[in-house]
Each structure stands twice: as structure tokens, then as C-alpha cells.
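One-letter residues, chain by chain:
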Amino acid sequence: MNIDLTKDAVSTAKKLIGCRLYTIASDGTRVGGIITETEAYNQDDAASHSYKGKTPRTEVMFGPAGHIYVYFTYGMHWCMNIVVGEEGRGEAVLIRALLPDSGLDIIRKRRNNKQDHELTNGPAKVCQALSVTGADNGAELNKGRFVLLSPKHALVFEATERIGITKDRHRLWRFVAK
DNA sequence: CTATAGATAATCT
DNA sequence: GATTATCTATAGG
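This report concerns the structure included in the present document. (Residues numbered from 1 in each chain as written. Chains lettered and ligands numbered in written order. Predicted model: local features only at pLDDT ≥ 70, side-chain atom pairs only at ≥ 80, totals over all residues. Heavy atoms only, no water.)

1. Looking at the protein's contact with DNA strand C
Moving on, step 1. The local shell around DNA strand C holds 21 residues, among which His-49, Tyr-71, Tyr-74, Asn-81 and Arg-111 are the closest.
Moving on, step 2. What you see for DNA strand C is that sugar and phosphate hold 57% of its atoms within 4 Å of the protein.
Moving on, step 3. Within the contact set of DNA strand C, a base nitrogen lies 2.6 Å away from a side-chain nitrogen or oxygen of Asn-81.
Moving on, step 4. Of all elements in the fold, only β4 (77–84), β5 (91–102) and α3 (123–130) reach the threshold of two or more residues within the surface near DNA strand C. (Near = heavy atom within 4 Å. Polar contact = N/O pair within 3.5 Å; in protein donor to acceptor, adjacent residues only side chain to side chain. Helix = DSSP H or I, 4+ residues; strand = E, 2+ residues; numbered from the N terminus.)

2. A few points about the pairing of strand β3 (residues 68–73)
Moving on, step 1. In this sheet, β4 lies alongside β3 in antiparallel orientation, the contact comprising six bridges. Among the inter-strand pairings, Ile-68 is bridged to a residue of β4, identified as Ile-82.
Moving on, step 2. Linking β3 back to β4 in an antiparallel pair, the connection comprises three residues, with Tyr-74 at a positive phi of about 50°. (Pairing = 2+ DSSP bridges.)

3. Brief notes about a nonpolar patch on the surface
Moving on, step 1. Among the surface-exposed residues, Phe-72, Tyr-74, Met-76 and Trp-78 lie close enough to one another that they form a single nonpolar patch of about 480 Å² accessible area.
Moving on, step 2. On the secondary structure map, Tyr-74 appears in the loop between β3 and β4.
Moving on, step 3. Relative accessible area serves as the criterion here: at 64%, Tyr-74 is assigned to the exposed category. (Patch = residues over 30% accessible without salt bridge, like charges linked within 9 Å, V, L, I, M, F, W, Y side chains within 5 Å. Areas by Shrake-Rupley, 256 points an atom, 1.4 Å probe, with all protein chains shown as cover. Salt bridge = Lys/Arg side-chain N within 4 Å of Asp/Glu carboxyl O. Buried < 20%, exposed > 50% of the residue type's maximum accessible area, 1.4 Å probe, protein only.)

4. Considerations on the protein's contact with DNA strand B
Moving on, step 1. In the region of DNA strand B, the neighbouring residues are Lys-52, Thr-55, Arg-57, Tyr-74, Gly-75 and Met-76.
Moving on, step 2. Counting only the atoms of DNA strand B within 4 Å of the protein, the fraction contributed by sugar and phosphate is 53%.
Moving on, step 3. Within the backbone of Tyr-74, a nitrogen or oxygen atom sits 2.5 Å from a base oxygen of DNA strand B.
Moving on, step 4. In this structure, Gly-75 approaches DNA strand B through a main-chain N or O atom, which is 3.4 Å from a base nitrogen.
Moving on, step 5. The residue makeup of the surface near DNA strand B, split by class, is two nonpolar, two polar and two charged. (Nonpolar A, V, L, I, M, F, W, Y, C, P; charged D, E, K, R; others polar.)

5. With respect to the packing of aromatic side chains
Moving on, step 1. Here the structure, examined in full by the defined rule, presents three aromatic pairs.
Moving on, step 2. Here the aromatic rings of Phe-72 and Trp-78 are separated by 4.8 Å at their centres, their planes lie at 50°, and the arrangement is tilted.
Moving on, step 3. With a relative accessible area of 39%, Phe-72 lands in the partly exposed category.
Moving on, step 4. Relative accessible area serves as the criterion here: at 30%, Trp-78 is assigned to the partly exposed category.
Moving on, step 5. Relative to Phe-175, the ring of Phe-157 lies with its centre 6.0 Å away and its plane at 85°, an arrangement referred to as edge-to-face. Taken together, the positions of Phe-157 in strand β7 (residues 157–160) and Phe-175 in strand β8 (residues 174–177) put the pair 18 residues apart, joining distant regions of the chain.
Moving on, step 6. Above the face of the Phe-146 ring, Arg-145 is positioned so that its terminal group lies 5.6 Å from the ring centre. (Phe/Tyr/Trp six-rings, centres within 6.5 Å; stacked < 30°, edge-to-face > 60°. Lys NZ or Arg CZ within 6 Å of the ring centre and 35° of its normal.)

6. Overview of the pairing of strand β1 (residues 20–24)
Moving on, step 1. Among the five residues in β1, four count as buried, and that is most of the element.
Moving on, step 2. Pairing geometry for β1 and strand β2 (residues 30–41), over five bridges, is antiparallel. Across the sheet, Tyr-22 pairs through a bridge with Gly-32, a residue of β2.
Moving on, step 3. Here β1 folds back onto β2, and the loop between the two strands holds five residues, one of which, Gly-28, carries a positive phi near 95°.
Moving on, step 4. In this sheet, strand β6 (residues 146–149) lies alongside β1 in antiparallel orientation, the contact comprising four bridges. For Leu-21, the partnering residue across the bridge sits in β6 and is Leu-148.

Here's what the structure looks like:
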């Protein structure tokens, strides 16, 4: 992994498109694939959990880059971010979608045998497929069960408005591979 | 294919 | 008490 995660959230969110993200299953299988959709959040952004400063929930966001920030939402879903930027700035990149390329059997099982195009095309689906929960909050990439690898090939992407937010909609901080 | 309702609990006001 | 960085099932075109 040679991506520099200590740059700002917007540029890092773009660089993460095409990277490969996996978690290691209990049998050693790598489960995950190529990141195809990300969103950037930082402390100046009213849509960000870090906007109002450090709280018990957002503590990890204000820690060092390269750790995982996991949050629970809508009463039933987990979503995962990669903490980026300089420590203390409260920046992170939400992993919204993957193109699975490893551990497909495990992913299908965890995702209740959904159609292939619906396995990991949403942030809570990614967490379910990679078995990420609140227990993983604060974990460090490439140390424990999380693996992040550089892209094999650069991907073309576009910038759009972020999904599911009501504040600061105008920022084009969602990045989607074409 | 699009549109919409309902589920359901942590977090913050 | 309101909001929420969502997903699924279902109804309709």
C-alpha cells in the first residue's frame, strides 16, 4: 500500500477509487475487492459527523490516518470510513461500494444470496459483505484483519453530490468509478 | 425501470 | 423528541 492517507479527504477519496480493500475471514480468505465509490467528509462540512467537534462517537475520526471509523445508523446498519488527513482534523472517506474480486462465496453467504450487482453497492452492504461492525471501530489498516492495496490500474471516475445527506449537498464530494 | 413506505436505535438537541 | 453518511420489499409503469 503506497497511497498517502495523510492528505486531505477530498483528494484521498479520489485516490482510493481503484484501491483494493479486504478483510480476512476466519478461514484466512481475503474478502473484498476494488473500491468503486467513495465520499469525502471533513470538519468544515455540515454533513460530516466531525462537524460539531470530537464526541465519543467521532473520536476515531480525529485520530491518526489509516484507521477505520465505523458508525451505526438508521437503527440497523453499519458503515465504514477510512480516517485520512492530519491527525486531529476530523477527516474521513466513506467506502460506499466495491467490485468484489475475492471471497465471493463468503460474500454471497453473508449477503443472503442477493444478485451479484447488489452484493456491495452501498455502504451498509459493504460492511455486511466484509463483516465489519462496531467491534472494528478504530482498527488499523494492514495491521489486523483489514488490508488496503494500491490500484492495479487507475480507474476513471466522476464527481457527484453525496447521497443521503441534507446539509452541504452542493459539494461534489462523491466519487464513482465509471 | 422508478417511487415510496417501513423498519429501528444511537446520537444529539 | 427529532434526525439519521441506509436497505429491502412492494407496487406501479
